[in-house]
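# Residue-level structure breakdown
As a plain string of letters, each chain reads:
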Amino acid sequence: MEFSSKLLERAVNEMSQLPGIGKRTALRLVLHMLRQPKEQTVILSEALQAMRNDVKFCKSCYNISDQDLCEICASPNRNETIVCIVEDIKDVMAIENTSSFKGLYHVLGGKISPMDGIGPHDLNIESLVSKVKEGKINELIFALSSTMEGDTTNFYIYKQIQEYQIFTSTIARGISVGDELEYADEITLGRSIVNRIPFESSLKL
Ligand SMILES: [Zn+2]
């Protein structure tokens, strides 16, 4: 792609670093911005900078938050004895959209993946095990994607908390193995949380 302006080229290159944005789309977006009043671009860049600088992660569940404690953890209407384990923030949003779950979450920040060099200590697992040890949790729901890495992560956590007498369950999903949680439709996902099955029985499948 030939550019008549280095400034334009730089903006397009930066924009095309985003996932799903190729050079052509990046060019289209940048040209759109040039046609808009300058303030639009200022507002956009300020919003991005403020998000990047000021956003926090909940100190309890690692969900994204504007406060030290996220709105879900801070809410008196949530059942804090039931904790749903998810890979990332997108999964919290997907499950929240179903309105089928009134417990709390624990965001791992990924899943164990030796191929990508991600081990248990790179994830928020220790803090989860601590919560279980402190006796704050009655039920843990495993809601990771049903991939090999998801299963490995589930099993690793299960082994860590097995000795503490709490109920463990896994979401019963009507979607095929390897589907990511965020792509499950809301009704299917909501139903799978309500109809969750004991974790042990998922191991025998
Ligand atoms: Zn939280």
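Residues numbered from 1 in each chain as written. Predicted model: local features only at pLDDT ≥ 70, side-chain atom pairs only at ≥ 80, totals over all residues.

- An unreviewed UniProt entry annotates the protein as Recombination protein RecR originating from Flavivirga rizhaonensis.
- Listed in UniProt under the heading Function (unreviewed entry), the comment for the protein reads: "May play a role in DNA repair. It seems to be involved in an RecBC-independent recombinational process of DNA repair. It may act with RecF and RecO."
- Quoted straight from UniProt, the Sequence similarities (unreviewed entry) entry for the protein says "Belongs to the RecR family." (UniProt positions renumbered as here; feature names shortened; annotations may be inferred.)

### Quick notes on the overall build of the protein
- Along its length, the protein carries nine helices and seven strands.
- Scored against the burial criterion, the 205 residues of the protein give a buried share of 27%.
- Pairs at least 24 residues apart make up 55% of the contacts formed inside the protein by residues separated by at least 6 positions. (Helix = DSSP H or I, 4+ residues; strand = E, 2+ residues; numbered from the N terminus. Buried ≥ 20, exposed ≤ 12 C-beta atoms within 10 Å, placed from the backbone. Contact = placed C-beta atoms within 7 Å.)

### Some details on the domain arrangement of the protein
- Per the domain assignment, the segments making up the protein are domain 1 (6-54) and domain 2 (60-203).
- Placing the centre of domain 1 and that of domain 2 at their C-alpha centroids yields a distance of 34 Å. (Domains from an automatic or database assignment.)

### A short note on the packing of helix H5 (residues 89-98) against helix H8 (residues 186-194)
- H8 packs onto H5 with a crossing angle of 85° between their chain directions and a minimal axis gap of 8 Å. The orientation of H5 with respect to H8, classified from their angle, is roughly perpendicular. Contacts from Ala-94, Ile-95, Asn-97 and Thr-98 of H5 reach H8 at Glu-186, Leu-189, Gly-190 and Ile-193.
- Along the lines of polarity and charge, the residues of the contact of H5 with H8 split into four nonpolar, three polar and one charged. (Axes fitted to C-alpha atoms, helices over the stretch in contact; angles between N-to-C directions. Parallel < 35°, antiparallel > 145°, perpendicular 65-115°, else oblique. Nonpolar A, V, L, I, M, F, W, Y, C, P; charged D, E, K, R; others polar.)

### Quick notes on the sheet that holds strand S4 (residues 103-107)
- One open sheet accounts for five strands, arranged S4-S3-S5-S6-S7; its pairing is mixed. Of all strands in the sheet, those with a lone pairing partner are S4 and strand S7 (197-198), marking the two edges.
- Direction of pairing for strand S5 (residues 139-142) relative to strand S6 (residues 167-170): parallel, over a ladder of four bridges. Considered in S6, the bridge of Phe-142 is made with Thr-170. (Pairing = 2+ DSSP bridges.)

### Considering the packing of helix H1 (residues 6-15) against helix H2 (residues 23-35)
- Direction vectors running N to C along H1 and H2 enclose 125°, while the axes themselves pass 8 Å from each other. Relative to H2, H1 is oriented oblique. Between H1 and H2 lies a crossing of right-handed hand. Seen from H1, the contacting residues are Leu-8, Ala-11, Val-12 and Met-15; seen from H2, they are Lys-23, Ala-26, Leu-27, Leu-29 and Val-30.
- Its residues assigned to classes, the contact of H1 with H2 comprises eight nonpolar, no polar and one charged. (Left-handed = near helix turned anticlockwise from the far one by under 90°.)

### Overview of the pairing of S6
- Since S5 and S6 lie parallel, the crossover through helix H7 (residues 148-161) that links them has a hand, and here it is right-handed.
- One ladder, built from two bridges, connects S6 with S7; its direction is antiparallel. Directly across from Thr-170, in S7, lies its bridge partner Ile-197. (Right-handed = clockwise from strand over helix to strand, strands pointing away.)

### Some remarks on unusual backbone geometry
- Despite not being glycine, Tyr-62 shows a phi value in the positive range, around 70°.
- Assignment of secondary structure puts Tyr-62 in the loop between strand S1 (56-57) and strand S2 (64-65).
- Positive phi, normally seen in glycine, also occurs at Ser-99, with a value near 55°.

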